[in-house]
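Given next are the chains, with one letter for each unit.
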Amino acid sequence: MTNQPILSVSNVEKTFTMHLQGGTRLQVLRDVTFQVGAGECVVLGGASGAGKSSILKMVYGNYAAAAGSIVLSTEATGAVDLASADPRRVLAARRDAMGYVSQFLRCVPRVPAIAVVAEPLVERGVDADEAQGRAAELLTRLSIPQRLWTLPPATFSGGEQQRVNIARGFIADLPMLLLDEPTASLDARNRDVVVDLIADKRAAGVAMLGIFHDVEVRERVADRIIDVEAFAPVVPAAAGQAA
């Protein structure tokens, strides 16, 4: 593990503007601070609605942070504050340094599954045949039958789509990987495969930040669990109530 963390989140706040309620601003997270080092899997814990997904989305740049810094430090990107960087730099950081396995597969319709999985490598300049070879290895490992590889994932079951999604997210060799419920809708065998894939990434020095509602999986993969409920905003005392 390097001395310099791959991800440093410092004093981050998240506020939503309620446009249907007269523009009321609702603070949902405050003082979010943690680091993720190379070869470490850090898990965001806490009750549903605590803000775990909001933190992942701020790190990936889908949500804007109201305050604080989210610094990604890699050889490919240098140190870039994703909380204040312009969209072009955020997109470059995603391409060069940060993968994301979401709960849902989003891809162009009618594109074959093997091409969907290989695409992150092709986008980074890997030869198409090599990319599809690596995609085939992952699809095999995740028990997607070869007869399905040339079919679009939209025709697959939910569990099969999620396994394609996992293969796509894990195929690139990037220093940072975000995991949003990657084992949701998987059977026990494929959950074990994902746990092994995470172990492979850890051994390769990849920094991982994830959400796992499956307690058994969380305990198997987590180096540390961060209690997101600790970042809940302070509720002011009611008027007239003693401090």
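Look above for the structure.
Rules behind the numbers
- Residues numbered from 1 in each chain as written.
- Predicted model: local features only at pLDDT ≥ 70, side-chain atom pairs only at ≥ 80, totals over all residues.
- Heavy atoms only, no water.
- 1 Å grid on protein atoms, 1.4 Å probe; cavity = no way out; pocket = protein on both sides within 12 Å on 5 of 7 lines; lining within 4 Å.
- Points joined across faces, edges and corners; volume = space filled by probe spheres on them.
- Nonpolar A, V, L, I, M, F, W, Y, C, P; charged D, E, K, R; others polar.
- Pairing = 2+ DSSP bridges.
- Helix = DSSP H or I, 4+ residues; strand = E, 2+ residues; numbered from the N terminus.
- Axes fitted to C-alpha atoms, helices over the stretch in contact; angles between N-to-C directions.
- Contact = heavy atoms within 4.5 Å.
- Parallel < 35°, antiparallel > 145°, perpendicular 65-115°, else oblique.
- Core = buried A, V, L, I, M, F, W, Y, C linked by side-chain atoms within 4.5 Å.
- Buried < 20%, exposed > 50% of the residue type's maximum accessible area, 1.4 Å probe, protein only.
- Phe/Tyr/Trp six-rings, centres within 6.5 Å; stacked < 30°, edge-to-face > 60°.
- Lys NZ or Arg CZ within 6 Å of the ring centre and 35° of its normal.

Right, let's get into empty space enclosed by the protein. For the structure shown, the criterion picks out 1 cavity of 30 Å³ or more. Every residue along the wall of the largest cavity is listed here: Gly169, Ala172, Leu174, Leu177, Lys201 and Val206. Partitioned by chemical class, the residues of the lining of the largest cavity number 4 nonpolar, 1 polar and 1 charged.

With that settled, the discussion passes to the sheet that holds strand β9 (residues 224-227). Read from one edge of the open sheet, 5 strands run β6-β7-β8-β3-β9, paired in parallel fashion. At either margin of the open sheet sits one strand with a lone partner, and together these are β6 (98-101) and β9. The average angle at which neighbouring strand axes cross in this sheet is 20°, direction not considered. Examined bridge by bridge, strand β7 (residues 176-180) and strand β8 (residues 207-211) share 5 bridges and lie parallel to one another. Considered in β8, the bridge of Leu179 is made with Gly210. Along the sheet, helix α1 (residues 52-60) makes contact with β3 (41-45), β6, β7 and β8, crossing β7 at roughly 150°.

With that settled, the discussion passes to the packing of helix α5 (residues 158-170) against helix α6 (residues 188-203). One way to put it is that α5 packs onto α6 with a least axis distance of 12 Å and a crossing angle of 5°. Relative to α6, the element α5 is oriented roughly parallel. Facing Arg163, Ile166 and Phe170 of α5, the residues of α6 in contact are Asn190, Val194, Leu197, Ile198 and Lys201. Considering only residue class, the contact of α5 with α6 consists of 5 nonpolar, 1 polar and 2 charged.

Moving on, we get to the nonpolar core. Leu139, Val164, Ile166, Phe170, Leu179, Ile198 and Val221 are the most contacted members of the largest nonpolar core, which totals 40 residues. For this core, the secondary structure elements donating two or more residues are β3, α3 (113-123), α4 (128-141), α5, β7, α6 and α7 (215-221). The element contributing the most residues to this core is α3, with 6 residues. Beyond its immediate stretch of four places on either side in the chain, Leu179 contacts Leu56, Val101, Phe170, Ile198, Met208, Leu209, Gly210, Ile211 and Phe212. Within the second largest apolar cluster, 35 residues are counted, among which are Ala50, Val80, Leu209 and Ile211.

When strand β4 (residues 67-74) meets strand β5 (residues 78-81), the two strands line up antiparallel, connected through 4 bridges. The partner of Val71 across the bridge, within β5, is Asp81. Hairpin connection of β4 to β5: 3 residues between the antiparallel strands.

Let us now look at α3. Each α-helix winds once per 3.6 residues, and so residues spaced three or four apart point in a common direction. Ala113, Ile114, Val116, Val117, Ala118, Pro120 and Leu121 are the residues of α3 that are buried. Elements in contact with the buried residues of α3: α4 and α5. The first or second residue beyond α3 is Gly125, which carries a positive phi of 90°.

Along the chain, the position of Ala172 falls in the loop between α5 and β7. In this structure the C-alpha to C-alpha distance between Ala172 and Leu121, which are 51 residues apart in sequence, comes to 6.0 Å.

Right, let's talk about the side chain of Ser8 for a bit. Within the element layout of this structure, Ser8 appears in strand β1 (residues 7-18). The exposure class assigned to Ser8 is buried, which follows from its relative accessible area of 13%. With near-sequence residues (within four places) excluded, Ser8 lies in contact with Phe34, Gln35, Ser69, Ile70 and Val71.

Turning our attention to the packing of aromatic side chains. Using the criterion set out here, one finds 2 aromatic pairs in the structure. Relative to Tyr63, the ring of Phe16 lies with its centre 5.5 Å away and its plane at 85°, an arrangement referred to as edge-to-face. With a gap of 47 residues between them, Phe16 in strand β1 and Tyr63 in the loop between α1 and β4 connect regions that are remote in the sequence. Judged by relative accessible area, which is 26%, Phe16 ranks as partly exposed. Tyr63 sits in the partly exposed class, given a relative accessible area of 27%. When the ring centre of Phe16 is taken as origin, the NZ or CZ atom of Lys14, which lies over that ring, is 4.8 Å away. The ring of Tyr60 is capped by Arg94, whose NZ or CZ atom sits 4.0 Å from the centre of that ring.

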